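Residue strings, one per chain:
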Amino acid sequence: MKPLRRWPLHPAPREGEALSSWLHRIACCYQMNVRDLLQHDLNFNQTHDLDLRPPVALLEMLAQRSGVELALLRSMTLAGWTPWLLDSLDPDPLAFDAYSRQFSVLLPLYKRPARIVSCWTAWLPKQAIRRACPECIGQSENKVWLLMWQLPLLLSCPQHGCWLEPYFGVSNTFIGWETEKLSRPANKNITKMDRRTWQALSMGQVKLPNRSIHAGLWFRLLRTVLEELNTPLSRCSSQAQDIRFIWESCGYPVRAGRRIWQPYETLSLDIQLQMLEATATAMHLIETGRLIAQGEQAKLLRPEPSKKIDEGHCSTKQLNHWEMALAAAEEAVASARHNPEAAQALFNAITLGCRTAEFIRRTQALLSEIGIPSMGDHI
Ligand SMILES: [Zn+2]
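No experiment lies behind these values; they were computed from the predicted model shown. (Residues numbered from 1 in each chain as written. Predicted model: local features only at pLDDT ≥ 70, side-chain atom pairs only at ≥ 80, totals over all residues. Heavy atoms only, no water.)

A. Geometry of the coordination of the zinc ion. The zinc ion binds to the protein through Cys-133 (SG), Cys-136 (SG), Cys-157 (SG) and His-160 (ND1); the donor distances cover 2.1 to 2.3 Å. One way to put it: the 4 donor atoms around the zinc ion meet at angles of 106 to 113°, and that makes the site tetrahedral. In the primary sequence, the donor residues of the zinc ion line up as C-x2-C-x20-C-x2-H. You can call Cys-157 buried: its relative accessible area is 4%. (Donors = N, O, S within 2.8 Å, 3.2 Å for Na, K, Ca; no water. Tetrahedral: all angles 85-135°; square planar, octahedral: opposite > 155°, others 65-115°. Buried < 20%, exposed > 50% of the residue type's maximum accessible area, 1.4 Å probe, protein only.)

This is the structure:
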């Protein structure tokens, strides 16, 4: 097929920009809207869910028209964030437990009930979220809307340190701010958490007090704490007072006043924001030693141990175990992508001790998703 010619005008995507925002800016160059641009120029009729999982054929045409790398265009959609931010966009009744019960921070894992949630996707809100940073939007005429503003993942703008504010809009068109009081500074617990989340999004790593961790681990830690803060106190036994202390410290009722459990993603935005703020508070309390959290991964948030302890005969090694394990896992995955023997060894290691048909199916799906050929022929 003949390659498409470049558009004469095509502003470059900005860091973190949503695909719909970029297309809107291109369409404006030609005094068009996005629908007309896609219909008349690319013969493409779908304009909804452009930021979720647009067809590959559309992204390929956009890459030809603009010269922007396909991988960058993909990262402007949520599909481009698998498997780091979310495991998959396909429905899977076991996805919820696999994502949010993999780790523990505030509560030992056994205190959190296992749950099967149908049609659940990590971080994907049930209703569209329209929030933006007033400073970012106010600074330029060519307004850039970030993909992550659409998710209940950030409370503030990592660059300006102010709250993301709700706005009125139709599709991707900004009509006006919902509130008159704009550019409210967020507190330091919130800005610290959000800047770490931005590091994960922009650099793939997050610097914590003790070490750097992979972005995928950071997003799952965040989602874990949100889930723990949403656990009925009756399940928390001796940790109930910790959970209560966190909620009191940020001035909200326990579980943001909720009595019935619902996945975080399906809650209203007001409740989600309170839960995110409680998560920022919990992380701050752990990091400052005011809360001794009982979960396995709480140690990742604790400050650097004192020199005395660090220089002990085995503590440095212990601290490095997690990093080494992550590095080894990344190496194994990279090798398995093109080496069948390595792929088989990785598959065997993952399924060691659990070879039920369901677990094997899920493992195959996960490996396939991260670019490792199916192991079906080797079982
Ligand atoms: Zn900003």
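B. Spotlight on the environment of Val-170. Among the structural elements, Val-170 can be located in strand β2 (residues 165-170). Note on Val-170: relative accessible area 52%, which makes it exposed. Put simply, Val-170 and Arg-130 are 40 residues apart on the chain and 9.8 Å apart in space, counted from C-alpha to C-alpha. (Helix = DSSP H or I, 4+ residues; strand = E, 2+ residues; numbered from the N terminus.)

C. Spotlight on the packing of helix α2 (residues 34-42) against helix α3 (residues 56-66). Relative orientation of the contacting elements α2 and α3 amounts to 85°, with a least axis distance of 12 Å. Taken as axis vectors, α2 and α3 run roughly perpendicular relative to one another. In this structure, α2 uses Leu-38, Asp-41 and Leu-42 to contact α3, whose residues at the interface are Leu-58, Met-61, Leu-62 and Arg-65. Residue classes in the contact of α2 with α3 are distributed as 5 nonpolar, no polar and 2 charged. (Axes fitted to C-alpha atoms, helices over the stretch in contact; angles between N-to-C directions. Parallel < 35°, antiparallel > 145°, perpendicular 65-115°, else oblique. Contact = heavy atoms within 4.5 Å. Nonpolar A, V, L, I, M, F, W, Y, C, P; charged D, E, K, R; others polar.)

D. Layout of the packing of helix α1 (residues 19-29) against α2. At a closest axis distance of 8 Å, the pairing of α1 and α2 adopts a crossing angle of 80°. For the element pair α1 / α2, the angle class is roughly perpendicular. In contact with Ser-20, Leu-23, His-24, Ile-26 and Ala-27 of α1, α2 contributes Val-34, Leu-37 and Leu-38. Class assignment for the residues of the contact of α1 with α2 results in 6 nonpolar, 2 polar and no charged.

E. Quick look at helix α10 (residues 269-287). Here α10 contains 19 residues, and its C-alpha end-to-end distance of 27 Å stays within 8% of the 27 Å for a straight helix at 1.5 Å per residue. Judged by how many residues are buried, α10 sits mostly within the fold: 17 of 19 residues are covered. Looking one or two residues past α10, Gly-289 carries a phi angle of roughly 80°, positive in sign. (Expected span 1.5 Å × (residues − 1).)

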